[in-house]
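Coordinates in review
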Amino acid sequence: MLYREAGQFKSSYAADSAILPIRQDRIGLVLILVVAFVIVPLTASPYLFSALLIPCLILSLAALGLNLLTGYAGQLSLGTAAFMAVGAFMSYNFILRVPGIPLLLAFAGGGVMAAAVGIVFGLPSLRIRGFYLAVATLAAQFFILWCLTKVGWFTNYNPSGVITAQPMAILGYAFDTPQEKYLLVLSIVTVMALAAKNMVRGNIGRQWMAIRDMDVAAEVIGIRPMRAKLLAFAVSSFYCGVAGALFAYAYLGTVEPEAYNLDLSFRILFMIIIGGVGTVLGAFLGSAFIVVLPIALSVGVAFLNNTLRLNIPSSVGSNLELMVFGGLIIFFLIVEPHGLARIWQITKEKLRLWPFPY
Amino acid sequence: MQFFFEVLIGGLLSGVMYSLVALGFVLIYKASGVFNFAQGSLVFFAALTFVGLMEHGLPFGLALLVTLLAMILLGLLIEKFVLRPLVNQPQISLFMATIGLSFLIEGLAQLLWGANVRGLDIGIQDEPLAWIADPTGINVSKFDLAAAGIAAVLVTMLALFFSRTRIGRALRAVADDHQAALAVGIPLQQIWAIVWAVAGFVALVAGLLWGARNGVQFALTFVALKALPVLILGGFDSVPGAIVGGLIIGATEKLAEVYLGPYVGGGIEGWFPYVLALIFLLVRPEGLFGEKIIRRI
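Values in this document were obtained by computation on a predicted structure and should not be read as measured data. (Residues numbered from 1 in each chain as written. Chains lettered and ligands numbered in written order. Predicted model: local features only at pLDDT ≥ 70, side-chain atom pairs only at ≥ 80, totals over all residues.)

Assigned secondary structure in chain A consists of 14 helices and four strands. Here the C-alpha radius of gyration of chain A, 21 Å, is about what a compact globule of 358 residues would show, namely 21 Å. Counting only residues that meet the buried cut, chain A has 46% of its 358 residues in that class. (Helix = DSSP H or I, 4+ residues; strand = E, 2+ residues; numbered from the N terminus. Rg over C-alpha atoms; globule rule 2.2 N^0.38 Å. Buried ≥ 20, exposed ≤ 12 C-beta atoms within 10 Å, placed from the backbone.)

And the structure:
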């Protein structure tokens, strides 16, 4: 009853190609942004910021990057974490070696470097596809991390390899508390998500989708596969690079290769699968799910321990978590293969007709 | 030169061990088009179950039998509860499901048997063979040679199974064309169950050998990652490809580590196979023996 676009007429081309053509969607988005920018910072606890909200937002950004590549351009990649690592380490080096560089410029620089690396490792996609490509991107994962560990220049010849990230400051204003970090991350993620949303519904996004659906046909109708694929790798790696820099600076506080292992790549891939491949919304839903799930599981195990006095040892608890995590992923894939974003779509359709059956 | 041959032979023999893991991947990919990331976990599960049973005092043979049954059961369960509901889903969904599956199996294995590192003794010592070492001065590990022998027997058995038995022929038919196989009355789901059971058996063999070599520990699951470049080198759907790919990867990896490693700081074993496979793919996108894919609009 409330969610219905009847009576909303579009009288100009601008209105017709608006990013959110339905008024209720616009109101909803504004509400979400108000909650995220105003209400959450005023109410949430520091623990909530640093354990949930910040990683969730940062990983959404990485998932968004992977989704552009895998969901829209159809190129399966398992090297996401490595591109994040490039972003983090290059941002570190920009801040370290270029005196007085603005923080955001350093992050963007990290992203651009990640994009360059992404193009190099995207080159094989011109010849190979599918799982062969996925395995080939594993080369990026292992090679880049090895490079970052072995080449001393990247870590500024730090013997331990774990570097403390420089404090974040924009125009002299330092982002120290979890709350401030959250707001910085949120602003960056909002801007980049908006850019992604616009990209995928424009010329570039349509080229990517054409390549994804059938590359030979796309080539025949005049899309240059090399340009489109490499652009997808570049844009995706840029997003991942910025996410990686934020991951190091706003979340971990350290820059270390170990944080960007294969496990992280897989987790980000899970996010887009569970959230919904080829949707911008899915990246956010999926990352919320994957970040919250382990925490919820460990809280659940602790709760069972306390209330039922089961005395589950921690090793059993962690293995149970692993099993439930794996089991839930399989369950989700079976029940809703198109991801959480699809559930939202279905809900929207239902809402449109509610309270009538049809 | 002597040293070169020693490294080469050592590499080739360890390549055989990679092939064993890759073989499990190929079997499943061939029959059902599923890229089974959980193969490494199956290897881990098999080794851990076997060691756990031995610790409970079961004799070698009985433990082997029980583990084999457990692996077959596990394979059947996976087919029934994971793959069957996911029929007709895109390949990437199936791939993700097997990653989820690998978490599940790893958790289950450690829940049942604990996470300690254990030794596994299958009665073959890891010592140089005297009759090769004495005249030529090249050390060849007895264990590696035995592992290669076991792999050879296994591959021969599988080859015979595929080409001579009724089930084997049905398997090849399914691999060739699901629809056509269904049309001539081959029970697809039974075939898939059998494939998973066979993959469980291969995982058991690989698990015993790898476990005896490196100790039974969580790191066994990473063996699967080593098998991936073998797969792309050999082609996902080719049994001989898995063997030849394993040999190439094993040999070049060891040679690169010994001759190239010192110049770049070592530790290149981790990525060298991937980069090698990547360069190789640029020349032959479907691997050494993979089926050539013809695409039409």
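We now examine the overall build of chain B. Looking only at helices and strands, one finds 13 helices and zero strands in chain B. The C-alpha radius of gyration computed for chain B amounts to 19 Å, which stays within 12% of the reference 19 Å derived for 297 residues, consistent with globular compactness. For chain B, the residues scored as buried account for 47% of the 297 residues in total. In chain B, once contacts between residues fewer than 6 apart in sequence are set aside, the share between residues at least 24 apart is 74%. (Contact = placed C-beta atoms within 7 Å.)

Opposite the 37 residues of chain B that make contact, chain A presents 36 residues. Only helix 4 (91-113), helix 10 (223-234) and helix 13 (272-283) of chain B provide two or more residues apiece to the side of chain B that touches chain A. Classifying every residue of the side of chain B that touches chain A gives 27 nonpolar, eight polar and two charged. (Nonpolar A, V, L, I, M, F, W, Y, C, P; charged D, E, K, R; others polar.)

Attention now moves to the confidence of the model for chain B. In the predicted model, chain B carries a mean pLDDT of 81, and the fraction of residues at 70 or more is 91%. In the predicted assembly, ipTM is 0.81 and pTM is 0.87. (pLDDT = per-residue confidence, 0-100.)

Now for the nonpolar core. The biggest cluster of nonpolar side chains holds 211 residues, and the ones touching the most others in it are Ile58, Ala85 and Leu246 of chain A together with Val43, Ala47 and Val195 of chain B. Per-element tally for this core: the top contributor is helix 10 (residues 225-252) of chain A, with 19 residues. Ignoring any residue separated from it by four or fewer positions in sequence, one finds Leu246 of chain A in contact with Ile58, Leu61, Val185, Ile188 and Tyr251 of chain A. (Core = buried A, V, L, I, M, F, W, Y, C linked by C-beta atoms within 7 Å.)

Below, the discussion takes up the environment of Ala63 of chain A. Residues and elements named next belong to chain A. Its location among the elements puts Ala63 in helix 3 (residues 46-72). For Ala63, a count of 33 C-beta atoms within 10 Å corresponds to the buried category. Considering only alpha carbons, one finds Ala63 and Gln75, 12 residues apart in sequence, at a separation of 14 Å. Those residues in contact with Ala63 that lie beyond four places of it in its chain are Ile268, Met271, Ile272, Gly275, Ala283, Gly286 and Ser287.

What follows covers the confidence of the model for chain A. Predicted confidence across chain A gives a mean pLDDT of 86, with 98% of residues reaching 70 or more. Confidence scores differ between elements of chain A, with strand 2 (residues 168-170) of chain A showing the lowest mean pLDDT of 78 and helix 10 of chain A the highest of 93.

This paragraph deals with the environment of Leu231 of chain A. Inspection of the secondary structure assignment puts Leu231 of chain A in helix 10. Taking the C-alpha atoms as reference points, Leu231 of chain A and Ile119 of chain A, separated by 112 residues in sequence, lie 7.7 Å from one another.

Once that is clear, we can look at the packing of helix 11 (residues 262-275) of chain A against helix 12 (residues 280-308) of chain A. All names here are of chain A. In the contact formed by helix 11 and helix 12, the axes pass within 7 Å of each other and the chain directions differ by 120°. The angle between helix 11 and helix 12 falls in the class oblique. Along this stretch, helix 11 crosses helix 12, giving a crossing that reads as right-handed. Between helix 11 and helix 12, the residues in contact are Arg267, Phe270, Met271, Ile272, Ile274 and Gly275 and Gly282, Ala283, Phe284, Leu285, Gly286, Ser287, Phe289 and Ile290, respectively. Looking at the contact of helix 11 with helix 12 residue by residue, the classes come out as nine nonpolar, four polar and one charged. (Axes fitted to C-alpha atoms, helices over the stretch in contact; angles between N-to-C directions. Parallel < 35°, antiparallel > 145°, perpendicular 65-115°, else oblique. Left-handed = near helix turned anticlockwise from the far one by under 90°.)

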